[in-house]
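Descriptive structure summary
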Amino acid sequence: MSQQLGGQPILILKEGSSRTRGRDAQGMNITAAKAVASAVRTTLGPKGMDKMLVDTIGDVVITNDGVTILKEMDIEHPAAKMMVEIAKTQDDEVGDGTTTAVVIAGELLKRAEDLLEQDVHPTVIAQGYRQAAEKAQEILQSISVTIKATDSAMLRKIAETAMTGKGAEASKEKLCELVVKAVMMVADEDGTVDKDNIKVEKKVGGSIENSEIVEGVLVDKERVHPAMPKKVKDAKILLLNAAVEFKKTEVDAEINITSPDQLQAFLDEEERMIKNIVDKIVDSGANVLFCQKGIDDIAQHYLAKAGIFAVRRVKKSDMEKLARATGGSLISSIDAISSEELGYAGLVEEKKVSGEEMVFVVECKNPKAVSLIVRGGTEHVVDEIERAVEDALRVVGVVFEDKKLVAGGGSPEIELSLRLREYAATVGGRAQLAIEAFAIALEIIPRTLAENAGLDPIDMLVELRAAHEKGKKTVGLNVFEGKAEDMLKAGVVEPLRVKTQAISSAAEAAVMILRIDDVIAASKSAAPEGMPPGGGMGGMGGMPGGMGGMEF
Ligand SMILES: Nc1ncnc2c1ncn2[C@@H]1O[C@H](COP(=O)(O)OP(=O)(O)OP(=O)(O)O)[C@@H](O)[C@H]1O
Ligand SMILES: [Mg+2]
């Protein structure tokens, strides 16, 4: 680096700015990106380890989820940040495969580094990688399996694969069943799944096995008055976005009361007005009231007397879910209350969940909104289960929509690797080298699955390759028994979209990083010369080949 720093005759940058060019810039960026990949690599697969992340105020997160780890890590290096972006994109698009995407990107860069050393120009590598990524999409489509949206057994396998290796694993059967059921319940006729219709409600206490699905809406509130019924069958539900209270005057008015009679008259009037509102509610035929605003004491009393189940200060999002589920409309003025606006549910009930009252609105007219109560012993457990359930909901939703899946356990990567190598031979020229590098890079997934399971990666790869060469496209790694096995038969399946997205975003990021040959950084004392985060990367020395000490 010194040769650059020392040799600049004219200063065009502000003092303190740093500039790295050419191979040095590439070397640093690649090192930083590889460091990110290696940080999450050990979490890949069913036998992957977890990470414990402690933030500056001491909060602890224990997770196996790639994107969660990267979000929690305070990453500063610009190229490393691009790797985090891959994980985020993957998470937004499919909800799973975040570790895979990052690990592939890291390996693509590592292989590119070797080519750079052989004096292959970065643009040639970039071009080859793009070509390979495109071809990979084609191959993936051709090896994907189409299923019926009604194939709940397969959908359950999808959920199971997404959950394997996460904290939720112990009870994954139960959770997967819930996940598939929830997705099927909210799916539209045209096959789209709006995951927002599924509310994951976590509760600490009880065991994972106590998790349940509520075919309806769950509101984390209790009824306002103990004299109200705890349970209302054939519920006619009023959804009110107005306060059930005596209206306060907008202007600062003063009422002078000079005699006790007057006071009584005033209070009577207030009570009469509130009673009027309650009468209106009763007249509409409603026996359940969800109010987004407040319900005052007198109103509570009258509502209880009328046998109405009332909840106040309900969240807006819950009100919307209730409207969708019960077919009722949200009413924002007392005058608009009428029987036509009411929603319906077979049962509204207040029940205890882990010692806290919650309102269950079930047997709804239109059960498009469902809730999933996730339970677990401690907060960290519940949090990790929630993440796993969210992942599973997403992948099941994705497969429900696309109806396409691929076998897991590294099988698509092996198949891709093989076919891309064949393809490379037909391309020829220098791009061939890059396509071959891309092909080899994809083997990082089965290799890592093997390593993380304590198996010999070389033996495993040989076994897998041999099977694929014989045309067994779905053979992957059974990490529990340490042998090659048909993953489709074993029920280890993933959405096609997880793989297509992971490979395309990994390739894009790798290409983007490779094409950078100049890093100009404004002065910032905290990050000298673009050192990657996490320390321990010493000895990088700006030499592209000198990344010794890093383990990949
Ligand atoms: N039972 C299994 N046997 C073999 N491989 C499996 C099994 N279950 C999952 N896998 C593989 O594990 C990999 C996924 O691992 P993991 O869930 O840890 O990472 P990810 O999905 O890439 O990222 P994240 O879940 O953190 O977003 C996939 O390649 C998948 O095929
Ligand atoms: Mg996963």
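Residues numbered from 1 in each chain as written. Chains lettered and ligands numbered in written order. Predicted model: local features only at pLDDT ≥ 70, side-chain atom pairs only at ≥ 80, totals over all residues. Heavy atoms only, no water.

Given 3.6 residues to a turn, an α-helix orients residues that are three or four positions apart in the same direction. Under the 1.5 Å per step criterion, the end-to-end length of helix H2 (residues 22-41) is 28 Å for 20 residues, consistent within 8% with the ideal 28 Å. The element H2 is extensively covered by neighbouring structure, given that 17 of its 20 residues are classed as buried. (Helix = DSSP H or I, 4+ residues; strand = E, 2+ residues; numbered from the N terminus. Expected span 1.5 Å × (residues − 1). Buried < 20%, exposed > 50% of the residue type's maximum accessible area, 1.4 Å probe, protein only.)

Per-residue pLDDT for the protein has a mean of 86; in total, 92% of the residues score no lower than 70. Confidence over residues 530-552 falls short of pLDDT 50; this stretch has 38 contacts with residues more than four positions distant or in other chains. (pLDDT = per-residue confidence, 0-100. Contact = heavy atoms within 4.5 Å.)

Right, let's get into the site of ligand 1. Around ligand 1 sit 25 residues in total, of which Asp96, Thr98, Thr100, Lys166 and Gly409 are the nearest. Note that an oxygen atom of ligand 1 is positioned 3.3 Å from one of the backbone N or O atoms of Thr43. Compared with its free state, where it exposes 640 Å², ligand 1 has 97% of that area covered by protein. Those elements that place two or more of their residues in the shell around ligand 1 are helix H5 (98-117) and helix H15 (444-452). The element best represented in the shell around ligand 1 is H5, accounting for three residues. For the shell around ligand 1, the per-class residue count stands at seven nonpolar, twelve polar and six charged. (Near = heavy atom within 4 Å. Polar contact = N/O pair within 3.5 Å; in protein donor to acceptor, adjacent residues only side chain to side chain. Areas by Shrake-Rupley, 256 points an atom, 1.4 Å probe, with all protein chains shown as cover. Nonpolar A, V, L, I, M, F, W, Y, C, P; charged D, E, K, R; others polar.)

Considered as a void within the structure, the largest pocket measures approximately 620 Å³ in volume. Contributing to the lining of the largest pocket are 36 residues, with Gly45, Pro46, Thr161, Thr164 and Val492 lying nearest its centre. Elements with a minimum of two residues in the lining of the largest pocket: H5, helix H7 (152-163), H15, strand E16 (475-478) and helix H17 (487-490). Examining the composition of the lining of the largest pocket, we find that four residues originate from one element, H7, more than from any other. When grouped by side-chain class, the residues that make up the lining of the largest pocket number eleven nonpolar, 16 polar and nine charged. (1 Å grid on protein atoms, 1.4 Å probe; cavity = no way out; pocket = protein on both sides within 12 Å on 5 of 7 lines; lining within 4 Å. Points joined across faces, edges and corners; volume = space filled by probe spheres on them.)

Another point: the nonpolar core. Counting residues in each nonpolar core, the largest one holds 74 residues, and the members touching the most others are Met83, Leu108, Ile125, Tyr129, Leu420 and Phe438. Non-local contacts of Ile125, meaning those with residues more than four positions away in its chain, are made with Ala112, Leu115, Leu116, Val120, Ala434 and Leu514. Core analysis: the next-biggest nonpolar cluster, separate from the first, contains 41 residues, Met163, Ala182, Val186 and Val398 among them. (Core = buried A, V, L, I, M, F, W, Y, C linked by side-chain atoms within 4.5 Å.)

Below, the discussion takes up the packing of aromatic side chains. Counted according to the given criterion, the structure contains one aromatic pair. With a centroid separation of 5.5 Å and 75° between ring planes, the pair formed by Tyr129 and Phe438 is classed as edge-to-face. Taken together, the residues Tyr129 in helix H6 (residues 122-143) and Phe438 in helix H14 (residues 429-442) connect sequence positions 309 residues apart. Phe438 matches Tyr129 in its accessibility class, with the two residues each being buried. The ring of Phe360 carries the charged tip of Lys351 above its face, separated from the ring centre by 4.7 Å. (Phe/Tyr/Trp six-rings, centres within 6.5 Å; stacked < 30°, edge-to-face > 60°. Lys NZ or Arg CZ within 6 Å of the ring centre and 35° of its normal.)

Moving on, we get to the pattern of salt bridges. On inspection of all chains with the given rule, the structure shows 30 salt bridges. A salt bridge links Arg272 to Glu269; its shortest N-O distance comes to 2.9 Å. Here Arg272 pairs with Glu269, and both are found in helix H9 (residues 260-283), just three residues apart, close to one helical turn. A salt bridge links Lys483 to Glu481, with the shortest nitrogen-to-oxygen separation between them at 3.2 Å. Using a relative accessible area of 35% as the deciding quantity, one classes Lys483 as partly exposed. Ionic contacts of the salt-bridge type, sharing partners, join the residues Glu107, Arg111 and Arg447 into one network. (Salt bridge = Lys/Arg side-chain N within 4 Å of Asp/Glu carboxyl O.)

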